[in-house]
Amino acid sequence: MTGVPASAAGGTGAKPVRGGKLGTAAVNQASLWNIANILTMLRLLLVPGFVMLLLHDGGDDPVWRAFAWAAFAVAMITDVFDGHLARTYNLVTDFGKIADPIADKAIMGAALICLSSLGDLPWWITGVILARELGITLMRFWVIRHAVIPASRGGKIKTLTQGVAAGMYVLALTGPLATLRFWVMMAAVVLTVATGLDYVRQAVVLRRKGIAAERAAGAGSGAADVPGAGAVDVPGAARDARTTADARGGAEAER
């Protein structure tokens, strides 16, 4: 599900990328109205539509819930493609860095809250998942000055499992499928907690290393700071390099 500050990328100074005409066109339009941002905005617009479809007629109509599932599926698919396009064609913008993680959390949060309000999903499951997502997002802001937590396979599996489980709950399933969706959701909860704890561990370790490296670099820079020596702000340069490398991949790592 998916947001972390990163450097802005515009249409100037971009290196040629693979993809022929599509790649060239994408790089040239690295502004607010590029394909990656349009997909992100579409996902944001789908959130209220999804909620209305799911809650229509008290949330008991299987047909309307099927429509809601379709909207949810489209939102989850665009979540995959907008990040891929942004990284592949250098379409990173300030808007995308903020809106992409918001859209990720909004569609999943809306699904979980609506399902719990309908009585289909226990509130404790919704609370655990939302607390983890909010906590990890805040933790990333806490550690981003020192390091970027790399994407993990477990985080990506967690996001996929959450999407599948929530989608199964959106559909009006009965019998064995209703039992199956419960166990899929339990797997999602376990992965949510496990990956969350792992991200916390990584954040603490990386922050400590980042602070130690900055102190060491600052000490070295101070020792070399003599008239005419041309001392360089190493910590600031390192932070800029890390921020530039973060791009939309940082948002992907959060999952």
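Draft legend 1. How the structure looks around the packing of aromatic side chains. Within this structure, the stated rule accounts for three aromatic pairs. Each ring, one from F50 and one from F72, has its centre 5.6 Å from the other, and the planes form 40 degrees; the classification is tilted. Pair noted here: F50 is in helix α2 (residues 35-55) and F72 is in helix α3 (residues 62-88), with a separation of 22 residues, a long-range link. Each member of the pair, F50 together with F72, is buried. Over the ring of Y169 we find R181; its NZ or CZ atom is 4.5 Å from the centre of that ring.

Draft legend 2. Up close: the pattern of salt bridges. One pass over the structure, following the stated rule, counts seven salt bridges. Among the ionic pairs, E133 bridges to K158, the shortest N-O distance being 2.9 Å. Taken together, the residues E133 in helix α5 (residues 123-143) and K158 in helix α6 (residues 153-170) connect sequence positions 25 residues apart. You'll find E133 and K158 in the same group, each marked buried.

Draft legend 3. Local environment of the nonpolar core. F50, L54, F72, I107, L121, I125 and M185 are the most contacted members of the largest nonpolar core, which has 30 residues in total. Looking at this core, the element that brings in the most residues is helix α4 (residues 94-117), giving seven residues. Leaving out residues up to four positions away in the same chain, F72 has contacts with F50, I107, M108, A111, G163, A166 and G167. One finds A36, A86, Y89 and L91 within the second-largest nonpolar core, a separate group that totals six residues.

Draft legend 4. Focus on a nonpolar patch on the surface. A cluster of nonpolar side chains, contributed by L32, W33, I35 and I38, occupies part of the molecular surface with about 390 Å² of accessible area. For I38, the position within the fold is in helix α2.

Draft legend 5. Here's a closer look at the confidence of the model for the protein chain. Model confidence for the protein chain is summarised by a mean pLDDT of 77, while 72% of its residues fall at 70 or above. Least confident of the elements in the protein chain is helix α1 (residues 20-28), whose mean pLDDT is 42; most confident is α2, at 92. Here residues 229-238 is a poorly scored stretch, pLDDT under 50, and it has eight contacts once near neighbours within four places are set aside; other chains count. The low-confidence segment residues 251-255 (pLDDT under 50) makes 33 contacts with residues lying over four places distant or belonging to another chain.

Draft legend 6. Seen up close, the packing of α3 against α4. Two elements in contact, α3 and α4, have axes whose closest approach is 10 Å; the angle formed by their N-to-C orientations is 155 degrees. Taken together, the axes of α3 and α4 are roughly antiparallel relative to one another. Crossing angle aside, the handedness with which α3 passes α4 is left-handed. Along its contact with α3, which presents R65, F72, A75, M76, D79 and D82, the element α4 presents D100, D104, I107, M108, A111 and L115. For the contact of α3 with α4, the class distribution of residues is seven nonpolar, no polar and five charged.

Procedures and definitions
Residues numbered from 1 in each chain as written. Predicted model: local features only at pLDDT ≥ 70, side-chain atom pairs only at ≥ 80, totals over all residues. Heavy atoms only, no water. Phe/Tyr/Trp six-rings, centres within 6.5 Å; stacked < 30°, edge-to-face > 60°. Helix = DSSP H or I, 4+ residues; strand = E, 2+ residues; numbered from the N terminus. Buried < 20%, exposed > 50% of the residue type's maximum accessible area, 1.4 Å probe, protein only. Lys NZ or Arg CZ within 6 Å of the ring centre and 35° of its normal. Salt bridge = Lys/Arg side-chain N within 4 Å of Asp/Glu carboxyl O. Core = buried A, V, L, I, M, F, W, Y, C linked by side-chain atoms within 4.5 Å. Contact = heavy atoms within 4.5 Å. Patch = residues over 30% accessible without salt bridge, like charges linked within 9 Å, V, L, I, M, F, W, Y side chains within 5 Å. Areas by Shrake-Rupley, 256 points an atom, 1.4 Å probe, with all protein chains shown as cover. pLDDT = per-residue confidence, 0-100. Axes fitted to C-alpha atoms, helices over the stretch in contact; angles between N-to-C directions. Parallel < 35°, antiparallel > 145°, perpendicular 65-115°, else oblique. Left-handed = near helix turned anticlockwise from the far one by under 90°. Nonpolar A, V, L, I, M, F, W, Y, C, P; charged D, E, K, R; others polar.

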